[in-house]
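# Secondary and tertiary structure notes
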Amino acid sequence: MVRAKVVIRNLTGLHLRPAGVLCNKAILYKSRIQFQTNTTTANAKSVLSVLGACVKSGDEIEFICEGEDEQEALDSMIKVVEDGLGE
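Residues numbered from 1 in each chain as written. Predicted model: local features only at pLDDT ≥ 70, side-chain atom pairs only at ≥ 80, totals over all residues. Heavy atoms only, no water.

## A few points about the sheet that holds strand β3 (residues 40–43)
Our working rule: Pairing between strands is defined by DSSP: at least two bridges between the two strands are required. Strands here are runs of E lasting at least two residues and helices are runs of H or I lasting at least four, both read from the DSSP assignment and numbered beginning at the N terminus. Helix axes use the C-alpha atoms of the stretch in contact, all axes being lines fitted to C-alpha atoms, and the angles between their N-to-C directions lie in the range 0 to 180 degrees. Throughout, a residue-residue contact means that at least one pair of heavy atoms, one from each residue, lies within 4.5 Å.
Read from one edge to the other, the open sheet built from four strands follows the order β1-β4-β2-β3, with strand pairing classed as antiparallel. The outermost strands of the open sheet, each flanked by one partner alone, are β1 (2–7) and β3. Here the strands of the sheet are splayed against their neighbours by 25° on average, with no regard to which way each runs. The sheet strands contacting helix α3 (residues 70–82) are β1, β2 (32–37) and β4 (60–66), and the helix crosses β1 at an angle near 0°.

## A look at the pairing of β2
Basically, it comes down to this: Only protein chains enter the calculation, and the probe is 1.4 Å; a residue is then buried if its accessible area is under 20% of its type maximum, exposed if over 50%, and partly exposed in between.
Every second residue of β2 is oriented toward a common face, the buried set being Ile33, Phe35 and Thr37 and the non-buried set Arg32, Gln34 and Gln36. With five bridges joining them, β2 and β4 adopt antiparallel strand pairing. Bridge pairing in β4 places Gln34 opposite Ile64. The pairing of β2 with β3 spans four bridges and is classified as antiparallel. Note that in β3 the partner of Phe35 across the bridge is Ala42.

## Details of the side chain of Ser76
Here Ser76 lies in helix α3. Under the relative-accessibility criterion, Ser76 is labelled buried at 12%. Discounting residues that sit within four places of it in the chain, Ser76 has contacts with Lys25 and Tyr29.

Written out as structure tokens, the structure reads:
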């Protein structure tokens, strides 16, 4: 299991479009990919789960990846967030 924290910098947080970008990236990996924010844990492969986490701009989330390609998945999740999630 690998973990890393990242801050959401999109002005609108994880609304539908960036949540979709995040999920589309996550489903490319075999590992289980989740993130935590405050007291919420979300499945990064589920748009409804990501939206349900209510992540706002400036929130810090921690990705948790577990599986055979966990490090590659974690690096990819961090990069997609740092690149702005398509916005």
